[in-house]
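Residue-level structure breakdown
As a plain string of letters, each chain reads:
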Amino acid sequence: MEQAPRDPERQLQPAPLEPLGHPDSGLQAAVGEEAEGARDEGPGEGTMTENNFWLKKIEISVSEAEKRTGRNAMNMQETYTAYLIETRSVEHTDGQSVLTDSLWRRYSEFELLRNYLLVYYPHIVVPPLPEKRAEFVWHKLSADNMDPDFVERRRIGLENFLLRVASHPILCRDKIFYLFLTQEGNWKETVNETGFQLKADSRLKALNATFRVKNPDKRFTELKHYSDELQSVISHLLRVRARVADRLYGVYKVHGNYGRVFSEWSAIEKEMGDGLQSAGHHMDVYASSIDDILEDEEHYADQLKEYLFYAEALRAVCRKHELMQYDLEMAAQDLASKKQQCEELATGTVRTFSLKGMTTKLFGQETPEQREARIKVLEEQITEGEQQLKSKNLEGREFVKNAWADIERFREQKNHDLKEALISYAVMQISMCKKGIQVWTNAKECFSKM
């Protein structure tokens, strides 16, 4: 991704249009327009106005998870987990913070929110949700999605997702996101009324565009390759970490065997008994500390998993660009075909083989009136096609500008987050090793006093 150039001024082909501005200007302009609060349209189409909730400084948290039983759409009983979302204003009244709202949401509702954001903001790298089922787990960790430890980690992940959206300069202003935090009843109906499902691009269409686009943008091609490599690297890193966790767990538990043996040995010794007993105690404490250590490690693993899933969000932006480029090329091809037909009718010459040419040879030439009528229809279609092509060019260039601005924002976020996570992980490993050295130093002192 770092290899991709920053210049978003490259124009979509084919149509010579005016060059674009600074890569960040589109995003800044969008933020400026949003901040004016001029638009207050229907759900999903407008943004929050200046007097509304999004401009206030708020705290968003997913404070607890609760196991529930209910009936699904097929009227079958199911067990699921609901999460309590709390939003709290940090503006103080009489020195106290005021709780503004709290409601329960299922994981499927978080999915619905994200799917909506993907459709309405295709140029944005939409933050991913935490995994629905545990992946890359070491053998002592449960893969059950109802396991309390897993549910707790997913609660943290869902909170992180909401904070990511709330901190995004564009997504935070979306009305559906605001209602997700504040409207418990009929929220799904409100989302579905936006008709976002109808606007979603089909997978088949996206696949078709991938293989048939003739002039792909090199930067987005490189970005797609980068996202594939990022996913591969992080997947491998998570697998290695899981194997290390398995071995580390075994090493620590073996120290528990040391503790048991030293304690048993102390029972048959008089002069050496106290030293052996103390050494055994240090070994027991060391062995029991592995559970907390690996719990902390899962936190760092979840941070890596977030960027594992971000790779798919990057690919979603690339797929949308491919679709727009393919539509543009098809529009240009259709316009060129109509211009050729109009020229052939005007000159009376046929440059390429066509069914119409064969029909003319078999049944005779058209009358001048028929030819003029067809030329007039084609000229109208050409005028309309030129307008559509110009519109698609402008839309495509705007998409490239805004997408690249958000990709730059994501890259800075990713570099900062992964740097902090890896440093913290290294510090944790150093601390763990120091504790091991200290345990054996204490054991040495116990042996020396025997």
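The structure reproduced in this document is the subject of the present report.

The rules behind each value
- Residues numbered from 1 in each chain as written.
- Predicted model: local features only at pLDDT ≥ 70, side-chain atom pairs only at ≥ 80, totals over all residues.
- Heavy atoms only, no water.
- Helix = DSSP H or I, 4+ residues; strand = E, 2+ residues; numbered from the N terminus.
- Buried < 20%, exposed > 50% of the residue type's maximum accessible area, 1.4 Å probe, protein only.
- Contact = heavy atoms within 4.5 Å.
- Areas by Shrake-Rupley, 256 points an atom, 1.4 Å probe, with all protein chains shown as cover.
- Patch = residues over 30% accessible without salt bridge, like charges linked within 9 Å, V, L, I, M, F, W, Y side chains within 5 Å.
- Salt bridge = Lys/Arg side-chain N within 4 Å of Asp/Glu carboxyl O.
- Lys, Arg positive; Asp, Glu negative; His and termini not counted.
- Charge placed at Lys NZ, Arg CZ, Asp CG, Glu CD.
- Core = buried A, V, L, I, M, F, W, Y, C linked by side-chain atoms within 4.5 Å.
- 1 Å grid on protein atoms, 1.4 Å probe; cavity = no way out; pocket = protein on both sides within 12 Å on 5 of 7 lines; lining within 4 Å.
- Points joined across faces, edges and corners; volume = space filled by probe spheres on them.
- Nonpolar A, V, L, I, M, F, W, Y, C, P; charged D, E, K, R; others polar.
- Axes fitted to C-alpha atoms, helices over the stretch in contact; angles between N-to-C directions.
- Parallel < 35°, antiparallel > 145°, perpendicular 65-115°, else oblique.
- Left-handed = near helix turned anticlockwise from the far one by under 90°.

1. What about the overall build of the protein?
For the protein, the helix and strand inventory stands at 12 helices and three strands. By the burial criterion, 42% of the 450 residues in the protein qualify as buried. Pairs at least 24 residues apart make up 74% of the contacts formed inside the protein by residues separated by at least 6 positions. For the protein, the computed accessible surface area is about 25,200 Å², with 52% contributed by carbon and sulfur atoms.

2. What to know about helix H4 (residues 175–182)
Of all eight residues that make up H4, six are buried, and the element is covered over most of its length. Among all positions in H4, only Lys175, Ile176, Phe177, Leu179, Phe180 and Leu181 are buried.

3. Considering a negative patch on the surface
Taken together, the side chains of Asp149, Asp292, Glu295 and Asp296 define an acidic patch exposed on the protein surface. Relative to the elements of secondary structure, Asp296 occurs in helix H10 (residues 290–347).

4. As for the nonpolar core
If you look at the biggest cluster of nonpolar residues, it comprises 31 residues, and the most contacted ones within it are Ile85, Phe110, Leu113, Leu117, Leu162, Phe180 and Trp187. Put simply, the parts of the chain that give this core at least two residues each are strand S1 (58–71), strand S2 (77–93), helix H2 (107–120), helix H3 (148–167), H4 and helix H5 (187–193). Broken down by element, the residue count for this core peaks at seven residues, all from H2. Phe220, Ala301, Phe399 and Ile407 belong to the second largest nonpolar core, which has 24 residues in total.

5. Structural notes on a nonpolar patch on the surface
A cluster of nonpolar side chains, namely Val254, Tyr258 and Trp440, defines an oily patch on the protein surface of about 270 Å² accessible area. With respect to the helices, strands and loops of the structure, Tyr258 is situated in helix H8 (residues 218–266). On the basis of relative accessible area, Tyr258 is assigned to the partly exposed category, the value being 37%.

6. Describing empty space enclosed by the protein
One pass over the full model with this rule turns up one cavity of 30 Å³ or more. When its volume is computed, the largest cavity comes out at roughly 60 Å³. Lining the largest cavity, in full, are Val213, Pro216, Asp217, Phe220, Thr221, Lys224, Cys318, His321, Glu322 and Gln325. Looking at the lining of the largest cavity, the elements that each hand over two or more residues are H8 and H10. Element by element, the count of residues in the lining of the largest cavity is highest for H10, at four residues. When the residues that make up the lining of the largest cavity are grouped by side-chain class, the tally is four nonpolar, three polar and three charged.

7. Regarding the packing of H8 against helix H12 (residues 368–448)
Viewed as axis vectors pointing N to C, H8 and H12 meet at an angle of 15 degrees, and their least axial separation amounts to 14 Å. Here H8 lies roughly parallel to H12, going by the angle between them. By crossing handedness, the relation of H8 to H12 is classed as left-handed. Touching Arg219, Phe220, Leu223, Tyr226, Arg241, Leu248, Tyr252, His255, Tyr258 and Phe262 of H8 are Val400, Ala403, Trp404, Ile407, Lys414, Tyr425, Met432, Trp440 and Phe447, all from H12. Among the residues forming the contact of H8 with H12, the class breakdown is 15 nonpolar, one polar and three charged.

8. A word on unusual backbone geometry
Residues other than glycine predominantly adopt negative phi, and peptide bonds predominantly adopt the trans conformation. Located in the positive-phi region is Asn186, a residue other than glycine, with phi close to 65 degrees. Within the secondary structure layout, Asn186 lies in the loop between H4 and H5.

Interpretation in functional terms is not warranted from these geometric data alone.
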